[in-house]
Every structure is written in structure tokens, then in C-alpha cells.
Amino acid sequence: MTQERIGWLRIMWTSAIALLLTIAPLPDAVNAARPDWLLLLVIYWSLNAPMLAGLSYAWMCGLLMDALVGTLLGQYALTFVVIAAVTHRFQLRMRIFPVLQQAVIVLLLILSYHWLLYVISGFAGDQYSSWLRWIPALAGALFWPLIVSVLDTVNRLSK
Amino acid sequence: MANFSSDIRPIIGRGPPLIARSFFLVVISIALMVGDHRYHYLDNVRQVMSVVVYPVQWLVDMPGRVTHWVYDSFTDRNRLRSENDALTVALRDANLDLQTLAALKEENQRLRGLQEAVNTVSDKRMIARIMRVDLDPLRHRVVLNKGQADGVFKGQAILDTHGIFGQVTQVGRYTSEAILISDPEHAIPVRVNRSGLRTIAEGTGSTAKLNLPFLTSEADIKPGDLLIASGLGGIFPPGYPVAEVTRVERSPSETFATVEAKPTALLDRDYEVMLIWYQPPEFETFGDADKKAPRADAKARKP
């Protein structure tokens, strides 16, 4: 029980940091390449703590994103749930992959995430068809090994 | 023992299967989106959510606030003096302009009185600070540090010292979100100051450029013309500068001219902006002159 509570705490504060990073001001040049921190975190926890970080966790994270970014309410919630569901489905396979192979799959996941957001904003009637939209996916995949190593270290140290 | 499930998690206490759970959450999300987009039921939910994320915004904004404070507290005497001199000069010039303006205003009021359509910007205004928070880089939105608690309302016009800045799109309890006139989703009804020609200026996604797509090749417009808000749409007070025309391209084969303008407001450099309380004259039905901001329109007319 206490073990679970500690796990929850860890998930909470790492998510909070990801939220901060999501809106932290960056210079314009790198702003467009900002990785989707919270989504990466949701993928990480879905892989490593599937019992704790379930779909409702992903949904809540998405809802927080909606509130933070001020888009259509539910847009991020939906995409987060879909990505988390796919990750949960392939969780057992993905966690034994070497980290670079994981990064490739994460790239595909984030690409589909952005594609979903693109489709939804199309329904809502405000579509930005800039190629800049796809850069964060690449940045996210590049940052994946870093995230894994940092969070693995955190997990090891807090055991 | 054969492992029937690919999942090592225990079967008991696992809850409904993954597909069912995700389907359920997806349906809720879609319901949320439809409710938000079509019916605007969720303004209260948004209010609550804005309070929840406020600490995050506050924390992210803090370094900017602190550096600003430090900068203010430790500026040296010389800098303050030169700043003071510049401001004195600016104030003197402004006062000189105001003298003639008073007479003009009087005259204008009298002339307009004949038409019984006097537009008024009430004296109430409020300075809001732009929080150092980055939202989606593709959308030109900012977070202001004033919200419902300060009387901010949806569709409120925002100015800076050089012209029209944008309008409020979402009001939270302590913060609000604003759309800049340069956002591709935004359009503002304008008038060419020189010729009185009315048209609409759309955002392009670049803070240095607005697009005027509805001008024919014969339209009386040229580079250097000042575009001012026309007041149609009832959100922006008429007469405030919006942009300066930078490029007019007329090709004989096209019906419409390519016209671009540069916003006069310092959209990307502002730190503080001004929220104003503008009461448009009563119109019965008006259509959506601010065509892409109908949500904001509805409330602004009867605040």
C-alpha cells in the first residue's frame, strides 16, 4: 500500500514538472521544437507503471493540457487516452526493446498524436497546416533516451 | 503452465478490458469537445480548470516577474534620468496634440449627435500584464494576469500604447486568455483612415503581418495607409489604429488585390497591455463582422 502511494507521488511530481516545461517560455527559435513533455511522461509511466498510470491518469493529464493551453476542452484528453491505450496494448513488448528502438516507436506514437490533434482541429474548424507542427515529434523522439535514463535513475534512487 | 493472457497482470481486480475503458474515455472526451465547441456549456468547467492550472502558470511566470522586479530595483540613476527626460518630452508632445484633439472631439461629438450614434469608450480601463507563459507556438495566444475576479469578460478589447492588440477569448478566475490580432483565427473589421474604405484584416500567424483578402484590384488603398478599427462587430472601439499597409499588389488578371499590413501594436514585445470597457451602440441584428470570433461576440454586446 505504502509502496503504491510512493509510486503515485512520484508520478504526480514528475507530471507536474512536465506541465511546467510545457509552458515554460523558450526563445522563438526553439519554441516550435518543444517536445510534448507530458505525453512522453504518460508513455513512460504507461510502460513502467501500468498498474498505477492507467488510462484515467492519461485522461486527467490530457484534460490538464486542455486547461493549460486553452484549446477545445477534451481535445488533448482524447488524444492522450488513445496514445496511452496503444502504449498499454504493446506495453509488454515495448519495455523489452532497446531504448533506441523504443525511441522509434515513440516517434510513431507522437506523430499519430499530432495527426489526431490535426484532425480534431480540422473538425473544430481551425486547422494550421504548417509543417512546423511535426517538429515536436522528432524532438520528442530525440529526448526519449534522456527521459528514460533520468526517470530510471529517479526510480532506482527512490527504491 | 501455459500463459493464456499476454498480460502478466492479475486477472482479478483488473477492471474492464483496455478497449472498453479507452472507448469510454474517448466518448467522454468527444462529449466534452462537442459541448465546448457547439453549445458552450462548459464555461464553468473551464473556470474550475483555470484555477487548477493557475499555480503552474504562476510558477512558470515567476522568473520573468523576478527579473523584471530586479531590473526595476537596480536601474542606475543615469538611466532613470534619461528615461525621465524622454518621458517628459513625450508627455509634452502628447499634451500639445491633446489641445487640438479636445476641440476636434467636441466638434465630432456634435456632428455625430445628429446621427444619434455616439460611440463611447468608457473611462474604465485596466492594465494587465502578459504572463511569461508559452502556449501553442502555432497560435498567437497570451495569458493575462487578470481574470473574472477583476471584471474581465469574454470578447473584451485589448489595446497597447500603439494600437489594437487583441481580444479576450477565455476568462478564468484569476487569469484570462487572449487572442492576438495576428492569430490566423482572428479577423478584425477595419477602415482605411484616408479613404474610409471598410474591409477585414485577418491574422496570418506572423506578428508582423496582417492580410486583407477582400479588397478588389480597384480598391483605393496604397502602402503607408493607416488602418483603424471600424467598430463594426461591436468588439473593438472604432478609431484606434490597427495596422499600416505595407504591400499592395494588383495584378490585372486577378479580381482581388494582395494587400498586407503591419500591426501598429508591438505584438511580440509587449509586457503590459490595457483592457478597456467599450460599450458599442445598440444594434438589433448585426451578423458576424468579426466572423471568426462569434463566441466572443455574443457576450460582448451585453456585458
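Residues numbered from 1 in each chain as written. Chains lettered and ligands numbered in written order. Predicted model: local features only at pLDDT ≥ 70, side-chain atom pairs only at ≥ 80, totals over all residues. Heavy atoms only, no water.

**Student:** Can you help me understand the overall build of chain A in this one?
**Tutor:** Scanning chain A for helices and strands turns up eight helices and zero strands. Listed N to C, the secondary structure of chain A is α-α-α-α-α-α-α-α in terms of helices and strands. Relative to the 2.2 N^0.38 estimate, which gives 15 Å for 159 residues, the radius of gyration of chain A is 15 Å and therefore close to what a compact globule would have. Principal-axis analysis of the C-alpha atoms places the extent of chain A at approximately 45 × 30 × 30 Å. Considering chain A as a whole, with its 159 residues, one finds that 53% of them fall into the buried category. In chain A, of all internal contacts separated by at least 6 residues, the share reaching a separation of at least 24 is 66%. Taking the average place of the 9 positive charges on the side chains of chain A and the average place of its 6 negative ones, the gap between the two points comes to 14 Å. (Helix = DSSP H or I, 4+ residues; strand = E, 2+ residues; numbered from the N terminus. Rg over C-alpha atoms; globule rule 2.2 N^0.38 Å. Buried < 20%, exposed > 50% of the residue type's maximum accessible area, 1.4 Å probe, protein only. Contact = heavy atoms within 4.5 Å. Lys, Arg positive; Asp, Glu negative; His and termini not counted. Charge placed at Lys NZ, Arg CZ, Asp CG, Glu CD.)

**Student:** Looking at this structure, I do not really get the sheet that holds strand β6 (residues 187-192) of chain B. What am I missing?
**Tutor:** Residues and elements named next belong to chain B. Strand order in this closed barrel of six strands is β6-β7-β8-β11-β10-β9, and the pairing throughout is antiparallel. Bridge count between strand β7 (residues 198-203) and strand β8 (residues 210-211): two bridges; the pairing is antiparallel. Bridge pairing in β8 places Glu202 opposite Asn211. (Pairing = 2+ DSSP bridges.)

**Student:** Could you clarify how one ought to interpret the interface of chain B and chain A in this entry?
**Tutor:** Quoted interface sizes are often the accessible area lost when the parts come together. With 42 residues of chain B in contact, the opposing surface of chain A contributes 43 residues. Between chain B and chain A lies a buried interface of about 3600 Å² when both sides are counted; carbon and sulfur atoms form 72% of it. Run the count over chain B and chain A and you get zero salt bridges. Across the chain B-chain A interface, the total number found is three residue pairs in polar contact (both at pLDDT 80 or more). Elements with a contribution of two residues or more to the side of chain B that touches chain A: α1 (18-39) and α2 (43-73) of chain B. Among the elements that take part in the side of chain B that touches chain A, α1(B) stands out by supplying twelve residues, more than any other. Class assignment for the residues of the side of chain B that touches chain A results in 22 nonpolar, six polar and 14 charged. (Buried area = accessible area lost by both parts, 1.4 Å probe. Salt bridge = Lys/Arg side-chain N within 4 Å of Asp/Glu carboxyl O. Polar contact = N/O pair within 3.5 Å; in protein donor to acceptor, adjacent residues only side chain to side chain. Nonpolar A, V, L, I, M, F, W, Y, C, P; charged D, E, K, R; others polar.)

**Student:** Explanation requested: the packing of helix α5 (residues 75-89) of chain A against helix α7 (residues 99-124) of chain A in the structure shown.
**Tutor:** A pair of packed helices can be characterised by two numbers: the angle between their axes and the separation between those axes. Residue and element names in this part refer to chain A. At a closest axis distance of 10 Å, the pairing of α5 and α7 adopts a crossing angle of 150°. For the element pair α5 / α7, the angle class is roughly antiparallel. Crossing handedness for the pair α5 and α7: right-handed. Judged by residue contacts, Gln75, Tyr76, Leu78, Thr79, Phe80, Val82, Ile83, Val86 and Thr87 of α5 engage Leu109, Ser112, Tyr113, Leu116, Leu117 and Ile120 from α7. For the contact of α5 with α7, the class distribution of residues is eleven nonpolar, four polar and no charged. (Axes fitted to C-alpha atoms, helices over the stretch in contact; angles between N-to-C directions. Parallel < 35°, antiparallel > 145°, perpendicular 65-115°, else oblique. Left-handed = near helix turned anticlockwise from the far one by under 90°.)

**Student:** Where do I start with α7(A) in this structure?
**Tutor:** Since the α-helix packs 3.6 residues into each turn, any two residues three or four apart lie on the same face. An ideal rise of 1.5 Å per residue puts 38 Å on 26 residues; α7(A) measures up with 37 Å between its terminal C-alpha atoms. Residues Gln102(A), Ala103(A), Val106(A), Leu109(A), Ile110(A), Tyr113(A), His114(A), Leu116(A), Leu117(A), Ile120(A), Ser121(A) and Ala124(A) constitute the buried set of α7(A). As for α7(A), its buried residues are in contact with α3 (37-48), α4 (55-69), α5, α6 (91-94) and α8 (135-157) of chain A together with α1 of chain B. Downstream of α7(A) by a residue or two, Gly125(A) has a phi angle that is positive, lying close to 90°. (Expected span 1.5 Å × (residues − 1).)

**Student:** What exactly am I supposed to notice about the environment of Leu267(B) here?
**Tutor:** Residue and element names in this part refer to chain B. As for its placement among the helices and strands, Leu267 is situated in the loop between β11 (258-263) and β12 (272-279). Separated by 247 residues in sequence, Leu267 and Ala20 place their C-alpha atoms 47 Å apart. Beyond its immediate stretch of four places on either side in the chain, Leu267 contacts Phe165, Leu180, Ile181, Ser182 and Thr207.

**Student:** Would you mind showing me how to read the nonpolar core here?
**Tutor:** By size, the foremost hydrophobic cluster in this structure holds 65 residues, and its most contacted members are Ile43(A), Trp45(A), Tyr57(A), Phe80(A), Tyr113(A) and Trp144(A). With residues up to four places along the chain from it excluded, the contact list for Trp45(A) reads Arg10(A), Ile11(A), Thr14(A), Pro50(A), Ala53(A), Tyr57(A) and Asn155(A). (Core = buried A, V, L, I, M, F, W, Y, C linked by side-chain atoms within 4.5 Å.)

**Student:** Any chance you could explain the packing of α4(A) against α1(B) here in plain terms?
**Tutor:** The interhelical angle for the contact between α4(A) and α1(B), taken along N-to-C directions, is 20°, at an axis separation of 10 Å. One finds that α4(A) runs roughly parallel with respect to α1(B). The two elements α4(A) and α1(B) meet at a crossing, and its hand is right-handed. Only Leu18(B), Arg21(B), Ser22(B), Leu25(B), Ile28(B), Ser29(B) and Leu32(B) of α1(B) make contact with α4(A), whose side of the interface consists of Leu55(A), Ser56(A), Trp59(A) and Leu63(A). Across the contact of α4(A) with α1(B), the residue classes tally to seven nonpolar, three polar and one charged.

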